[in-house]
Amino acid sequence: IPKVVNKFGKYLYGRPAIPPLWSLGYVASTMTYTDADNAQSRLENFGVLCKKKHEIPCSGFYLSSGYTMDNQDTRNVFTWNLNRIPDPKKMFDGLHQFGINVLPNIKPWLLQEHTEFSRLEQLNGLIKDSETKSAYRQVFWKGGPGTYTTGSYIDFSSPGGFEFWKKNCIEKLLNFGADGLWNDNNEFEIDSADSLCGVTHKNDLAPIGLVGRSLQTFLMGVASWEAMREVDPHKRPLVVSRSGCLGIHRYCAQTWSGDNLTSWKTLKYNIPMCLSLGLSGWVSHGPDVGGFTGDVVSPELFVRWIQLGIYLPRFTIHSCSWKGVASNDSYDLDNTNEPWMFPEYVTDVRSLIEFRYQLMVLLHSLHIEAFLFSYPVARPLAFHYENDPNERSLNESFEFLLGSNVLVAGVFEPGADSVSVYFPGAKEKWFDIESKKVFAGGDIRDVSAPLRNRYGGIPVFVRNNSGLVLSGSKFENGVHVGRNDRNVYLCNEYDEFGDNNVELVWFEGKESEEDSIFLKITVKALGKPECMLLTHVDTELVSEQEDIPESKEKVLQKMEEICRFEQISVYGMNRPIACCPELAHSIVGESIVISTKHIL
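Residues numbered from 1 in each chain as written. Predicted model: local features only at pLDDT ≥ 70, side-chain atom pairs only at ≥ 80, totals over all residues. Heavy atoms only, no water.

## A short note on the sheet that holds strand β6 (residues 148-153)
Moving on, step 1. Spatially, β4-β6-β5 is the arrangement adopted by the three strands of the open sheet, whose pairing is antiparallel. In this open sheet, the two edge strands, each paired with only one partner strand, are β4 (109-111) and β5 (138-141). In this sheet, neighbouring strand axes are inclined to one another by 55 degrees on average, regardless of whether the strands run parallel or antiparallel. (Pairing = 2+ DSSP bridges. Helix = DSSP H or I, 4+ residues; strand = E, 2+ residues; numbered from the N terminus. Axes fitted to C-alpha atoms, helices over the stretch in contact; angles between N-to-C directions.)

Okay, here's the thing in C-alpha cells:
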C-alpha cells in the first residue's frame, strides 16, 4: 500500500501541501461568537479567557461567517457587519497578541442582495442559465435561522469570477490581518447540469454537468491559495476547504469531516472517514471535536472526543449557533463548545491540549513525510499490515496508526473504563506509553482507559525497536515554552535471538516559510541485556523537489536555518539508556543530552 500511495502522489494527483506549524495546534472555532451582536468583544475576550484565565494553549481561530451578516440576517461574502465588528483590523490584532492566527469563513456564492451581484454578472463571473445566459439563480441559506433567499454561484472557471475572488480575499481579509482562508459550503450543489460555466480565458462556455462541479471547488481553492501567495510569497498558505476532488490537497492543506453530529457513534465513525481522506491524498484532516450540531455534548463525551482529537492531524473544537435547539428557527448563542465549558474537567482538558502541543513535532514531521512520499499522517492498520489476517486490521480501522510507530485506540462507549485493543503485526511488540507494559502483535487485549489521569488520555502504544519524539512539557500562561525542546523516547524489548536494532527517524522543516528542503534526523540504538546503547544520531538534508546544496558550508547553513532546537534529550522508554562516549554532550538524570552542534 505505501508503494501504491507514493506512486499515486508522485505521478497522478501530486503531493499534499504542508500546512504552517501553528495550524497543527489547537485551532478554536464556533459560530456563536460572530453571530452575536457583540461579536468583536466576544472574539477579543476569547484570548483572555483561553490564555490568561484558563492557561490553555491555542494557536488559531476559525472566524465563522456571522461577521458578514447584515442587519437583515443576510450573509454576504467579503462584507463586514461594522455594528458587530466595528474595527476588523483591531479584532485581528487583538487575537494576534495572544499568538492566535485567524481564518475567516468565505462562501462561493453571491446572494441577490449582495452589492457586487450585478457587477460580477456583467463580468461573466457567475454560473449562467443555459437558456437566458444570465446568472443562474437558485435558493441559498440566507444566514438567519430558517431563512432562505436566491443567489448565484461564482464561476471560478471564468476570468471574472476567479479574479474577483482573489481581489476580495486580499483587500477584504488578508490586508486586515487574516492568516488563512476557510473555503466553506463549496460542494457547488447546482440544480441544473445544463448550467453554463467558463472553460477558457476567452469566456467560452460549457455545461457544468460536462465540466464537473468539482472543478469549481478545485479552482476556488486555487484562487484562495494564489491570493495568499500574492500577499506573502514566502509564507506557507493555509487554505482549509470543506470539499474537494483529487489534487485539491496541493492547494488546500486541510479539510474536515463536515457538519458532524454530537454522538458517540459520530466519534467512532469519523475515524474511518478521516483515514479514507488520508489515503486519497488529503492527509491533514480532523472532525469538529464535540460535534458541530445536535444535542449538547456531555462532559464525558467531550473529554473522550478531545482525547481522540489530539492525535488527528487537524484539532479543532467547533459548534453551531443552534446546538441543542429543538427547531431550526432559533439560535442559542450561549451554548458553545469551549475547552472550559465543564469547569470540573478544565484541568484534564488543559493537560490534553498541552500534550497535543508536545505532539506537534511528530505531526509536523509526518506532514513533511506526506509531502515527500504521500503517506497519510493518520493511517489505517492495513497501511503497514496489509497481510495481517485479523479483520480489525483489514476492515474496521477504529484503531489507527500515527505514522508507522504509534498506535492509537479511542474509547467509544459511555461509562467505559477499559477498551479492547487489537495489536497489529504478528511479529511486533507494542509498548503502552503510560504503563510501559508490552503487548504482542496479533493479540486482542482489554487495556485500562479511565476517563481521567491516564498519560496521553487514551491508550497509546509505541512499536518495539522504534520510538517517539515529543517537544518539551513546559507551559506558561498558555504558551508552549518547551516548543523547541526535543525529547526522544526509545523502546526495546530485548530478545536474545531476535532483532534489537532500534531506530527512530523524524523530519524538521521551517515553521511557516515555503521551503521543500528538510532536515532528516535518525537516532539509532542497540538493545542489550542490561540497557539500550545509543550508537548514532545522524542528520542529512532531504528534498524531492529542490537540489540539495553541494558545499559543506551551504549544507550546514541550511541545517542551521531549519534547526530550531539546541539539543536532543534521549530517554529509554522502558529500559535504561547508555551511549558511546563520543555522542554524549552531557547526561541529565535518566536522559542523554546531545548538542545539535555535535550532529549538524
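## Notes on the packing of aromatic side chains
Moving on, step 1. A full pass over the atoms with the stated rule returns 37 aromatic pairs.
Moving on, step 2. Centre to centre, the rings of Phe218 and Tyr251 are 5.7 Å apart; their planes meet at 90 degrees, and the pair counts as edge-to-face. One end of the pair, Phe218, is in helix α8 (residues 213-231); the other, Tyr251, is in the loop between β10 (239-241) and α9 (264-279), with 33 residues separating them in the sequence.
Moving on, step 3. Classification of Phe218 as buried rests on a relative accessible area of 15%.
Moving on, step 4. Aromatic side chains Tyr269 and Phe398 sit 5.1 Å apart centroid to centroid with 80 degrees between the ring planes, which places their arrangement in the edge-to-face category. You can see Tyr269 sitting in helix α9 and its partner Phe398 sitting in the loop between α13 (391-396) and β14 (400-402), a full 129 residues away along the chain.
Moving on, step 5. Following the ring pairs from residue to residue traces out a cluster consisting of Phe78, Trp109, Phe140, Tyr153, Phe156, Phe164, Trp165 and Phe188.
Moving on, step 6. Residue placement shows Lys268 over the ring face of Phe398; its charged tip is 4.6 Å from the ring centre. (Phe/Tyr/Trp six-rings, centres within 6.5 Å; stacked < 30°, edge-to-face > 60°. Buried < 20%, exposed > 50% of the residue type's maximum accessible area, 1.4 Å probe, protein only. Lys NZ or Arg CZ within 6 Å of the ring centre and 35° of its normal.)

## With respect to the environment of Gly456
Moving on, step 1. Within the element layout of this structure, Gly456 appears in the loop between β19 (444-448) and β20 (460-463).
Moving on, step 2. Separated by 48 residues in sequence, Gly456 and Val408 have C-alpha atoms that sit 9.9 Å apart.
Moving on, step 3. In contact with Gly456, not counting residues within four places along its chain, are Ile310, Tyr311, Leu352, Phe355 and Ile433. (Contact = heavy atoms within 4.5 Å.)

## Quick look at the side chain of Ser241
Moving on, step 1. Its location among the elements puts Ser241 in strand β10.
Moving on, step 2. Here the side chain of Ser241 touches Ser243 through a polar contact of 2.6 Å, landing on its backbone oxygen.
Moving on, step 3. Excluding anything up to four places from it in sequence, Ser241 contacts Asn183, Asn186, Thr217, Ile248, Cys252, Gln254, Thr255, Trp256 and Trp282. (Polar contact = N/O pair within 3.5 Å; in protein donor to acceptor, adjacent residues only side chain to side chain.)

## Here's the deal with the sheet that holds strand β27 (residues 532-542)
Note: strands within a sheet are paired through backbone hydrogen bonds, in either parallel or antiparallel orientation.
Moving on, step 1. Ordered by their spatial adjacency, four strands build an open sheet running β25-β26-β27-β29, and the pairing between neighbours is mixed. Every interior strand has two partners, whereas the edge strands, β25 (501-508) and β29 (577-579), have only one. Looking at each pair of strands side by side, their axes are set apart by 35 degrees on average, direction ignored.
Moving on, step 2. Across eight bridges, β25 lies against strand β26 (residues 518-527) in antiparallel orientation.

## Focus on the nonpolar core
Moving on, step 1. Ranked by internal contacts, the top residues of the largest apolar core, which has 162 residues, are Tyr26, Phe46, Trp165, Tyr311, Leu490 and Leu534.
Moving on, step 2. Counting residues per element, this core draws most heavily on helix α11 (residues 346-373), at 13 residues.
Moving on, step 3. Ignoring sequence-local partners within four residues, the contact set of Tyr26 consists of Phe46, Cys50, Pro57, Cys58, Ser59, Gly60, Phe315, Ile317, Pro339, Ile353 and Tyr357. (Core = buried A, V, L, I, M, F, W, Y, C linked by side-chain atoms within 4.5 Å.)

## What to know about the pattern of salt bridges
Moving on, step 1. In this structure the tally under the stated criterion is 32 salt bridges.
Moving on, step 2. One salt bridge connects Arg75 with Asp35, and the closest N-O pair in it is separated by 3.0 Å. Here the residue Arg75 occupies a position in the loop between β2 (60-63) and α4 (88-96), and Asp35 occupies one in helix α2 (residues 32-35), the gap between them amounting to 40 residues. Across this residue pair, the class does not change: Arg75 and Asp35 are buried.
Moving on, step 3. Arg229 is the salt-bridge partner of Glu514, the closest N and O atoms lying 3.6 Å from each other. In this pair, Glu514 sits in the loop between β25 and β26 while Arg229 sits in helix α8, placing the two residues 285 residues apart along the sequence. (Salt bridge = Lys/Arg side-chain N within 4 Å of Asp/Glu carboxyl O.)

## Overview of the environment of Phe140
Moving on, step 1. Turning to its location among the elements, Phe140 is positioned in strand β5.
Moving on, step 2. A residue is classified by how much of its surface remains accessible, and Phe140, at 4% relative accessible area, is buried.
Moving on, step 3. Leaving out residues up to four positions away in the same chain, Phe140 has contacts with Trp109, Leu111, Thr147, Tyr148, Thr149, Thr150, Gly151, Ser152 and Tyr153.

## Overview of the side chain of Thr336
Moving on, step 1. Counting through the fold element by element, Thr336 comes out in the loop between β12 (316-317) and α11.
Moving on, step 2. Exposure remark for Thr336: the relative accessible area of 6% places this residue in the buried category.
Moving on, step 3. A distance of 2.6 Å separates a polar atom in the side chain of Thr336 from a polar atom in the side chain of Thr32.
Moving on, step 4. Excluding residues that lie within four positions of it along the chain, Thr336 makes contacts with Thr30, Thr32, Tyr33, Arg42, Ser319 and Met341.

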